[in-house]
Amino acid sequence: MGGSGGHAIAALRRALEPDRPPRTPPRVLLTEGPGYALRLPREDVDAHRFQDALAGARRTPGEVTGLGEALASWRGPAYADVTGSAWAERERARLEELRAEAVELHARLLLDRGEGAGLVAGLRDHV
């Protein structure tokens, strides 16, 4: 890490981990080989939070709140700002399939709890 690139990485690390004591190893932006890797906790990545909420609702059908919150926080297509990337296209399609499954599961859980009155308006966007 030399020159101004090293200063930029140091500044980025300070921005990402403002409470990290000086000269302690970074936990978020790591040096790997000739480059860098961004390592974020699962709860800090919206796609991971969504998948975890869906997995939780599959395991524990009574846990409908987390899935409802995850669906409510969904805004537009996944990775909408990443264009021309085969990886992003595949991931977008995968997440859209999971979203459709989550909408169906959420609706079924609400119906099972007798809370289906407000579902029609919410499901209209997904039909």
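Another point: the packing of aromatic side chains. Scanning the entire structure with this criterion turns up two aromatic pairs. Each ring, one from Phe50 and one from Trp74, has its centre 4.9 Å from the other, and the planes form 75 degrees; the classification is edge-to-face. One end of the pair, Phe50, is in helix H2 (residues 46-59); the other, Trp74, is in the loop between helix H3 (65-72) and helix H4 (86-112), and 24 residues separate them in sequence. For the pair Phe50 and Trp74, a shared accessibility class is recorded, and that class is buried. Aromatic pair Tyr79 and Trp87: ring centres 5.2 Å apart, planes at 65 degrees, arrangement edge-to-face. Taking the relative accessible area as the measure of exposure, Tyr79 reaches 27% and is therefore partly exposed. The partly exposed category is assigned to Trp87, whose relative accessible area is 45%.

Definitions and cut-offs
Residues numbered from 1 in each chain as written. Predicted model: local features only at pLDDT ≥ 70, side-chain atom pairs only at ≥ 80, totals over all residues. Heavy atoms only, no water. Phe/Tyr/Trp six-rings, centres within 6.5 Å; stacked < 30°, edge-to-face > 60°. Helix = DSSP H or I, 4+ residues; strand = E, 2+ residues; numbered from the N terminus. Buried < 20%, exposed > 50% of the residue type's maximum accessible area, 1.4 Å probe, protein only.

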